[in-house]
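One letter stands for each residue in the lines below.
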Protein chains: 2
Amino acid sequence: MSTLTYAILAELARGPATGYDIAAAMRSPVGRYWTAQHSQIYPELARLAERGWAGVAESDGPGPRPTKTYTITPDGLAALRAWARTPEPPPPPNSPTTVKLSCAWLLDDDELAGLLDGLRAEAAAGVARFEGLLAGLDSEPPRDDPTFAAALTVPIGLGYERHRLEWAEWALAEVARRRR
Amino acid sequence: MSTLTYAILAELARGPATGYDIAAAMRSPVGRYWTAQHSQIYPELARLAERGWAGVAESDGPGPRPTKTYTITPDGLAALRAWARTPEPPPPPNSPTTVKLSCAWLLDDDELAGLLDGLRAEAAAGVARFEGLLAGLDSEPPRDDPTFAAALTVPIGLGYERHRLEWAEWALAEVARRRR
DNA sequence: AGGGGCATGTAAAGAGTTACATGATTCT
DNA sequence: AGAATCATGTAACTCTTTACATGCCCCT
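Presented here is a report on the structure given in the accompanying data block. All residue numbers here refer to positions counted from 1 along the written sequence of the relevant chain. The naming scheme follows written order: chains are lettered A onward, ligands numbered 1 onward. Note on the predicted model: pLDDT of at least 70 is required for a residue's local features to be given, and 80 or more for side-chain atom pairs to be given and counted; whole-chain, interface and lining totals, by contrast, use all residues. Hydrogen atoms and water are omitted, and side-chain values are computed over all heavy atoms in the structure.

So, about the protein's contact with DNA strand C. In this text, near means that some heavy atom of the residue lies within 4 Å of the molecule or strand in question. Around DNA strand C, the structure places 20 residues, and the nearest of them are A:His38, A:Arg65, A:Lys68, B:Ser39 and B:Pro62. Expressed as a percentage, the sugar and phosphate content of the atoms of DNA strand C within 4 Å of the protein is 53%. Measuring from a phosphate oxygen of DNA strand C, one finds a backbone N or O atom of A:Gly19 at 3.3 Å. Within the side chain of A:Tyr42, a nitrogen or oxygen atom sits 3.1 Å from a phosphate oxygen of DNA strand C. Think of it this way: any DSSP run of H or I at least four residues long counts as a helix, any run of E at least two long counts as a strand, and we number them from the N terminus. Every element with two or more residues in the surface near DNA strand C is listed here: helix H2 (19–25), helix H3 (38–51) and strand E3 (67–72) of chain A together with helix H3 (38–51) of chain B. Among the elements that take part in the surface near DNA strand C, H3(A) stands out by supplying three residues, more than any other. Identification of polar contacts relies on pairs of N or O atoms within 3.5 Å, with a donor-acceptor requirement for protein atoms, meaning one able to donate a hydrogen and the other able to accept it, and with residues adjacent in sequence counted only if both atoms are side-chain atoms.

See below:
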């Protein structure tokens, strides 16, 4: 059982959903932090049902196949809770962008400044996105509601983007200072 | 050509190395941010040599096979620089830990506090690690030296861990506040 | 009439991890 | 005597992405 298994269960814990719904949610998983393609989700949902962690209801679909609506079972919910409360080993911090930055000594000032400015713009957009998201959140959500979790996770994303923005601005200033 | 290709080239740009050296550097790539196993590195080095981006020199090895020392070629350096200066599309921010946090509404107060405290401890260790690294850096490194890049990348890591630590402390306080 | 959204699936290829395999030297 | 380090490689497996494939309904 991979992270995807539980990321799907976490979606189902919020309510019944089709594979299409879950794929849509995982296209831009703001505040929930997992992505996957539908080609990975459909087989995983079938395994979930086979394992008894989700139930399926079929209805007429728009295409040649029936629409399948999945619902989390008590077993599935228990498995999700058990997974969620165990600590995760820190993942390898693989970042192509930081590898590029580690080549900064090979680039000239303009190339480096261009790279940094792109990162600055990206981070600024991220800050705006998460600020909007935070503004839309209930300030004191019910303890047993998904929005309670969002009130915790959205500030991580916001803090992360803010830190990236500050760093990019500092790095640009640093490169400009050394240029002279 | 994957990120691994260029991450290896970035190592070779610092000087000739064996596959073993690169695997060791990528076991804990502090400030450079890519990890890989030797089983991935050895074939990739062979492809690099085949492509003309690295040269190989064989010498007697400690085991049954000769030791191969790889050196970056002018073509390899040019390819690395070209890659490094092009912006990277933002990667999917997949994080198992944040998926767990998005299940916070399913956990009771003690389970959630335990999860958060583990993250706090992890972040605190990270801050200490990067502070030590930063302390060991030259404050004004030569522009065309790998340490110049480290002076840029180490503060990203430090800032990231500081942000995580602040967030974890805030989240713990938030959970404690709502507990009462 | 064509494009986009809804809805499901499979196939192929690439990326990454874990395990298997060998063998000399050095340290405890 | 056994473990760790140096040094290389392959095999099997899992995870992820990209592409192929179908077909209805709604909007312009």
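Fitted lines through C-alpha atoms serve as axes, helices being fitted only where they are in contact, and the angles separating the N-to-C directions of these axes extend from 0 to 180 degrees. Between helix H7 (residues 146–179) of chain A and helix H7 (residues 146–179) of chain B, whose axes approach to 9 Å, the crossing angle comes to 155 degrees. Here H7(A) lies roughly antiparallel to H7(B), going by the angle between them. For H7(A) against H7(B), the interelement crossing comes out right-handed. Every residue of H7(B) that contacts H7(A) at A:Phe148, A:Ala151, A:Leu152, A:Pro155, A:Ile156, A:Gly159, A:Tyr160, A:His163, A:Trp167, A:Trp170, A:Ala171 and A:Arg178 is listed here: B:Phe148, B:Ala151, B:Leu152, B:Pro155, B:Ile156, B:Gly159, B:Tyr160, B:His163, B:Trp167, B:Trp170, B:Ala171 and B:Arg178. Ten residues, namely Ala, Val, Leu, Ile, Met, Phe, Trp, Tyr, Cys and Pro, are considered nonpolar, four, namely Asp, Glu, Lys and Arg, are considered charged, and the remaining ones, Gly among them, are considered polar. Here the residues of the contact of H7(A) with H7(B) sort into 18 nonpolar, four polar and two charged. Angle categories: roughly parallel below 35 degrees, roughly antiparallel above 145, roughly perpendicular from 65 to 115, and oblique for all the rest. What makes a crossing left-handed is the near helix being turned counterclockwise from the far one by less than a right angle; a clockwise turn instead makes it right-handed. The contact definition used throughout considers only heavy atoms, calling two residues in contact when any of these lie within 4.5 Å.

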